[in-house]
Each structure stands twice: as C-alpha cells, then as structure tokens.
Amino acid sequence: MRKPKTIIEKIWEKHVVHEEANKPDLLYIDLHLIHEVTSPQAFEGLRMNNRKVRRPELTYATMDHNVPTIHRNVIKDEVSKTQMETLKTNCDEFGVPLADIHHPDQGIVHVIGPELGLTQPGKTIVCGDSHTSTHGAFGALAFGIGTSEVEHVLATQTIWQAKPKTLNVKVNGKLGTGVTAKDLILAIIGKFGVKFGTGYVIEYTGEAVRDLSMEGRMTVCNMSIEAGARAGLISPDDTTIEFLRGKRHVPQGEAFDKAAEEWKALATDEGAVYDEVVEINADEIEPQVTWGTNPGMCIPVSANVPIPEESENAIEHDEIGRALEYMGLDGGEPISSVNIEHVFIGSCTNSRLSDLRKAASIVKGNKVNPNVKAIVVPGSFSVKAQAEEEGIDQIFKDAGFEWREAGCSMCLAMNDDVVPEGERCASTSNRNFEGRQGTGARTHLVSPEMAAAAAIKGHFVDVRHLGVPTPS
Amino acid sequence: MEPIRKHQGLVYPLNRANIDTDQIIPKQFLKRISRQGFGQFVFYNWRFDSKGELREDFSLNQPKYKGTSILVAGENFGCGSSREHAPWAIQDYGFRVVIAPSYADIFYNNCTKNGILPVQLTEEEVQTLIQNAETESYYLTVDLEEKKVYDNQGFETSFEIDDYKREMLLNGWDEIAVTLTHADKISQFEEARK
Ligand code: SF4
C-alpha cells in the first residue's frame, strides 16, 4: 500500500522542478498575485537586468493597500498615487493582467483571488504579502514572499524553498453559537503563541474546521502568519467544491467535475503523519478580544486584562508591561469595561459578504454609540455591489456607519483611514501591532459580530448576551 | 548583492521579543518605489516622537551606538508583514548582521536576499551579548565561513545556517541568474504539464 501523505506533501511533490541534496527545492508557482506596495522594486529589477515576466498569464495584479475608500478618484497623497501609477505602467509594460482602481474586479488581493476562482485546490500561490496564507483555505499551498522573491517568481515562475515541516492544528468538537472563525483562530494563537507555527505549514483539521464555511476557513488560514506559519491550509471537501463551482476562472461543466475529483483526492490521507500535532477544544472557546500589541495577547470577552506580576518569566513580564502602557490599560480591568472610539469592519480577514451580513444582523435596528466613529470597508468591488443589492449598506448607514469603497483601508492605514494617536479601535483585521492603524493608535482585534456589538455599546460586550439574535 | 564573509562591528542591543516589521519600518514609509533610502525611517516610531523629534531616551539614538553594524534582539524577530522594506531599512541604516534567538521565516529569507546575515544563537547567548553591549562599547566578529561569532574577551560560539543560503551570502550571488541555469528544467516541467 502507498504511504499515506498529507496534502502538503502531495502538493509539494507535484511542483518540484529541481532537487539536489542539501539544497532547497526549486518549486513551480501556479499563481502569482501582485499589489502596488511590494512590487515596484521587483519590476525595476527586471528592467535593470533586461528580464521579462516568464508567465504573465499566471500573474494577476490589483491595487488595494493604498487606495482611497471615500472617493475613488481623489488620491490626496502624491506618493501613493505614484505607486499606483507605477503598478499600471509595470503591468502594461510586462503584459500582466491588472484590476486597477476602476476595474469591477478590484479588491483586496486575498479577497479577489478566491472570488474570481483564481485560487484553486492544489495550486502553489505566492504574493508579496504575508496574508497570502488566506488562499490555503481552498487546499492550496499559499505563502507570502518578499520583494526579491517577487522578482524571482516574475522572472522564473519558480521559487527556492526548503521543504517545510508539517503541523496539524486539530480543532475538536463544535464552536458554540455566536463563536466565529475569528474567535477560533485568535484562541489558537492565544493558546499556542505567536511563533508556534514558525518553520511549519499548518493544516487545520477537526470537526469545527470541517463545519466552517469557505469564508470562515479563509479567516482562519489568513491568520496563520500571526502564528508564525508562512502557510496554513485545509484539505478540500464538498464545501470547497461548491464554493468554486461556476467561478469565472475555474473549469466549467464536465471539466469542473473532473477537476473536483482531482481536488478532493488531494485531501490528507487517513493515517498520514505530521511532524507536530496540537489540539484545542472548540466548545471551550468564547468570543475573543485582543488586549495587547500582538495577536497572541488575547482573552475571552468575559476575562480581565492580564497584569505583569502574574507572569513568572522576566521577558514576558516586561512585554506585558510595555503592551499595557502602549494600550493605555492598567491591567486587571475587565476587557468589557474598555471604551472604544473607532470600529473598523474590513480587511482580508473579515470583509467578505458573509462577514458583512453577520455584522449587519447585529447592527440592524440599532444605532452606533455617539462616542464611536464606525466604518465598513468591503473587501472588493464585487462584495460591495452584492451587499448593496441586498440592502446591507443601508442597514449600516441607518445605524450611523460609514459605507466605503473596497481596499485595505484602516487595516494598515496607508491611505487616509487612520486611527488618531491614543484612540482605541475595535477592528476585524489581523494585526494589533503598535502603530499599525496609525501612530499611537490602539487596536483590539475581534470578529465582525463583536465589532458591530462594540460599535453599538461603545465598549466590548459579549455578542451572545446582547439581546439581539446572534447568527449561528 | 554585496558578499559577506567576515564582519566585525559595534553591537547595538535591542532587548525586546517579537519585534514586528511594522516597528522596523512603519507603513507610511512603504510608498517609495526604489530600494534605497529607507535607513532614515528604521524603528521610526521608537526613534522619533509624534512631532518628528528625536527621542533621546531611545537607545539607538544614544551616541555610544553611533556606527553600529550588528543588531542583537529578542526572539521571533521580524514577525508580521512580508515587507522587504524592513531588511532594506536595517541595511541602509548600517547593519550588516542581525543576531537573535529566532526569526520569522519571511524576514529571515528577505535578509539573505539582501546580503544581511541573520545569525541564530541561543536565548542565553543573546542575553549575554545584550548585557555586554548595554554596559560598554562592545564589538563582535561574525565569521560566516567558519560559522562563528566571537569577541576579544573570550566569548565564542558557533551558529547554523543552511548551506545554500550561506553560499549565496558568501558569494553575493544573483539568485535569478543561478535559477536560470535551470531554465531547461523549468521548460520541461511546463511542457510535461500541458
Ligand atoms: S487587508 Fe490588511 S492584512 Fe490584508 S492585505 Fe490588506 S493590509 Fe495586508
């Protein structure tokens, strides 16, 4: 009998172009996604060395990090404008397809890949962006790369990679009502830390993972990098297949059914062995809120903010102290007592249609707290259009949210969407690093439902006890 | 890229764990389209206050670390965003070597593509180096050929780095040129999949 294999090994073996002892493998790349911030220097490198893009048709570019979300045509910042124009020039010159700021397919690179069906099981996918792990939700091997590697992939359609170790993150049991994929991944990082995945590719398995929608799976895989793992994936199943059926870039008709069979065969074999396994029980997980300055610093919404003295480790002690100081917290207070001034619903973690629907179901009929400024930034042009068709935009607007154009926006605040110094934001994004949403800004990561609830109450609340129906 | 074989330099200690690339270079400086000139923005939010004035209390701003070329920091250095602007900024500021107990994968890789040597030592060794560099002007020699780090006061240790990355750094090779020597195999691979 054949040795049982993980999906990671199966994809890897299908993509090795060249191997040599004591060297990384040369791996073929099926899809290279590009955006304006990490690509200009790569194209410049090609130009300087008189090199071409080897497979422009396997490359796809969009604009997301820098784009304005109020008026598409008003880019106040000249430098941002230059960066976007540079991408356009580069794509024209090298023949790379581009969904620019006026294109109906524009959006956050990790939202549009799946939406267009460019993301498919079994593919190797790279992008000059660490959240490329998102695409792993489809059973693709997808990871972020630096700009030198972007240049390398453009020129050669390959990348040198040492074979990664494999890590099974097994989620037993079921998530409770009102507990989301975001809470799951935050709880995993909270439990195992921000570097337990370093050097590994994670496969998420277990009942609670199987139960997740594709959107939920994307949220989980998205934050693999926050656990240190360059890639995180989930074996494809019927949920994956049904999501992809009919998408623009997948095979159609009979060819799709054939592809679907091949995709399902990629799933990890019964009895395959991982280098490492960790387990967590889904039913113990509550809605999560981060209190500190990395995503591992998170607690259940019912808990109190930690105090440094509780820590026995000196480095950790200092780290907690520094994080509390930055966050303007004393330590020991209930996280639910913390008032917020901003709410951001968006980012490649939580800006898909289902995220907006769920947040809207909490918001409906309520008003944003007068002390809070709340914005919703859909992940793509198409998410925005669909949401408007369903009237979701109106629910948010009626409640006092601002309804914006698609882009990364306040996730990293490279455009005008910035949280002012010392102010606090409940955010559905993925990083609560110092200064991420603005110099001196204080970020608390939560699910879209929890962000919506916080917008209404003005502080964190357990969405399950809000007295409004929680979506299951 | 510039080869790196053996480097001697003044050590700058930054005793924090989980330093992310948003700290190394904040996003407002990612809008440039060249690789140069990022050094002035390294650790910007720690080096400057909200008015853009130098913060005297941040250690890197102290005269005793002027001319430093070896950065020693806590575990999981370079986590977060894949931005290669982080190693560009570190290098442009004058660092040639980083020493830490562990690194984020993408950052580590990015260093090796730019001629920065990321050295991994144990937590204890790193703490020793940090203490030395916090108390005096402290110089280290990092020898990539021998895979050794030592000072002139008796500290000496060795480190691991994979052979491929070591060779690239020692020779300062253009990786794309190396890969293109396998262009035939890439074409064969593409043919076979049609
Ligand atoms: S939404 Fe945020 S995390 Fe995602 S790609 Fe954009 S900036 Fe990066």
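Presented here is a report on the structure given in the accompanying data block. (Residues numbered from 1 in each chain as written. Chains lettered and ligands numbered in written order. Predicted model: local features only at pLDDT ≥ 70, side-chain atom pairs only at ≥ 80, totals over all residues. Heavy atoms only, no water.)

Things to note about the packing of helix H6 (residues 181-192) of chain A against helix H8 (residues 214-222) of chain A
Residue and element names in this part refer to chain A.
Logical step 1: Viewed as axis vectors pointing N to C, H6 and H8 meet at an angle of 25°, and their least axial separation amounts to 8 Å. One way to sum up the angle between H6 and H8 is to call them roughly parallel. Of the two elements, H6 crosses H8, and the hand of that crossing is right-handed. Together, Ala181, Lys182, Leu184 and Ile185 of H6 and Gly216, Thr219 and Val220 of H8 make up the contact between the two elements.
Logical step 2: Here the contact of H6 with H8 is composed, by residue class, of four nonpolar, two polar and one charged. (Axes fitted to C-alpha atoms, helices over the stretch in contact; angles between N-to-C directions. Helix = DSSP H or I, 4+ residues; strand = E, 2+ residues; numbered from the N terminus. Parallel < 35°, antiparallel > 145°, perpendicular 65-115°, else oblique. Left-handed = near helix turned anticlockwise from the far one by under 90°. Contact = heavy atoms within 4.5 Å. Nonpolar A, V, L, I, M, F, W, Y, C, P; charged D, E, K, R; others polar.)

Let's talk about the pairing of strand E6 (residues 124-127) of chain A
Residue and element names in this part refer to chain A.
Logical step 1: Where burial is concerned, the two faces of E6 agree: the one with Thr124 and Val126 and the one with Ile125 and Cys127 are both buried.
Logical step 2: Pairing of strand E3 (residues 31-34) with E6 involves three bridges; the strand directions are parallel. In the strand pairing of E6, leucine 33 is matched with cysteine 127.
Logical step 3: Pairing geometry for E6 and strand E7 (residues 141-144), over four bridges, is parallel. Note on E7: the bridge partner recorded for threonine 124 is leucine 141. (Buried < 20%, exposed > 50% of the residue type's maximum accessible area, 1.4 Å probe, protein only. Pairing = 2+ DSSP bridges.)

Focus: the packing of aromatic side chains
Residues and elements named next belong to chain B.
Logical step 1: Taken as a whole and judged by the stated rule, the model has 20 aromatic pairs over all chains.
Logical step 2: Aromatic pair tyrosine 93 and phenylalanine 95: ring centres 5.7 Å apart, planes at 20°, arrangement stacked.
Logical step 3: Given a relative accessible area of 29%, tyrosine 93 falls into the partly exposed group.
Logical step 4: Three or more aromatic residues joined by ring pairs make a cluster, and in this case those are Tyr12, Tyr65, Tyr93 and Phe95.
Logical step 5: The side chain of arginine 16 reaches across the aromatic face of tryptophan 46, ending 4.2 Å from its centre. (Phe/Tyr/Trp six-rings, centres within 6.5 Å; stacked < 30°, edge-to-face > 60°. Lys NZ or Arg CZ within 6 Å of the ring centre and 35° of its normal.)

What to know about helix H1 (residues 7-15) of chain A
Logical step 1: Counting buried positions along H1(A) yields seven of nine residues, so the element is predominantly enclosed.
Logical step 2: Looking only at H1(A), the buried set comprises Ile7(A), Ile8(A), Glu9(A), Lys10(A), Ile11(A), Trp12(A) and His15(A).

Observations concerning the packing of helix H2 (residues 40-48) of chain A against helix H3 (residues 78-94) of chain A
All names here are of chain A.
Logical step 1: For the pair H2 and H3, the least separation of the axes is 10 Å and the interaxial angle reads 40°. It follows that H2 is oblique to H3 by the angle criterion. Viewed along their axes, H2 and H3 form a crossing whose handedness is left-handed. Residues Pro40, Phe43, Leu46 and Arg47 of H2 pack against Gln83, Thr86, Leu87, Asn90, Glu93 and Phe94 of H3.

Some remarks on the side chain of Arg431(A)
Logical step 1: Tracing the backbone through its elements, the reader meets Arg431(A) in the loop between strand E18 (424-427) and strand E19 (442-445).
Logical step 2: On the basis of relative accessible area, Arg431(A) is assigned to the buried category, the value being 1%.
Logical step 3: A polar contact is formed between the side chain of Arg431(A) and the side chain of Ser130(A), at a distance of 2.8 Å.
Logical step 4: The residues contacting Arg431(A), other than those within four sequence positions of it, are Ser130(A), His131(A), Ile225(A), Glu226(A), Arg436(A), Thr443(A), Leu445(A), Gly80(B) and Ser81(B). (Polar contact = N/O pair within 3.5 Å; in protein donor to acceptor, adjacent residues only side chain to side chain.)

Concerning the interface of chain A and chain B
Logical step 1: Each partner contributes to the interface: chain A provides 65 residues, whereas chain B provides 54 residues.
Logical step 2: Overall, the association of chain A and chain B removes approximately 4900 Å² of surface from exposure, summing both partners, and the carbon and sulfur fraction of that is 54%.
Logical step 3: Along the contact surface separating chain A from chain B lie nine salt bridges.
Logical step 4: Residues Glu149(A) and Lys113(B) are paired through a salt bridge, measuring 3.9 Å at the closest nitrogen-oxygen approach.
Logical step 5: There are 32 residue pairs in polar contact (both at pLDDT 80 or more) connecting chain A and chain B. (Buried area = accessible area lost by both parts, 1.4 Å probe. Salt bridge = Lys/Arg side-chain N within 4 Å of Asp/Glu carboxyl O.)

Regarding the nonpolar core
Logical step 1: Counting residues in each nonpolar core, the largest one holds 111 residues, and the members touching the most others are Phe396(A), Phe401(A), Phe77(B) and Ile99(B).
Logical step 2: It is helix H15 (residues 448-457) of chain A that provides the largest number of residues to this core, a total of seven residues.
Logical step 3: Contact partners of Phe77(B), with chain neighbours within four places excluded, come to Ile19(B), Ile24(B), Leu71(B), Ile90(B), Val98(B), Ala100(B), Ser102(B), Tyr103(B), Ala104(B) and Phe107(B).
Logical step 4: Formed by 79 residues, the second largest nonpolar core is a distinct cluster that contains Ile8(A), Ile11(A), Ala42(A) and Leu244(A). (Core = buried A, V, L, I, M, F, W, Y, C linked by side-chain atoms within 4.5 Å.)

Focus: the state of the cysteines
Logical step 1: Taken as a whole and judged by the stated rule, the model has zero disulfides over all chains.
Logical step 2: You can see Cys127(A) has no disulfide; the closest cysteine sulfur is in Cys348(A), sitting 9.8 Å from it.
Logical step 3: Classification of Cys127(A) by relative accessible area gives buried; the value is 0%.
Logical step 4: Cysteine Cys111(B) remains unbridged, with the sulfur of Cys79(B) as its closest cysteine sulfur at 13 Å. (Disulfide = S-S within 2.5 Å.)

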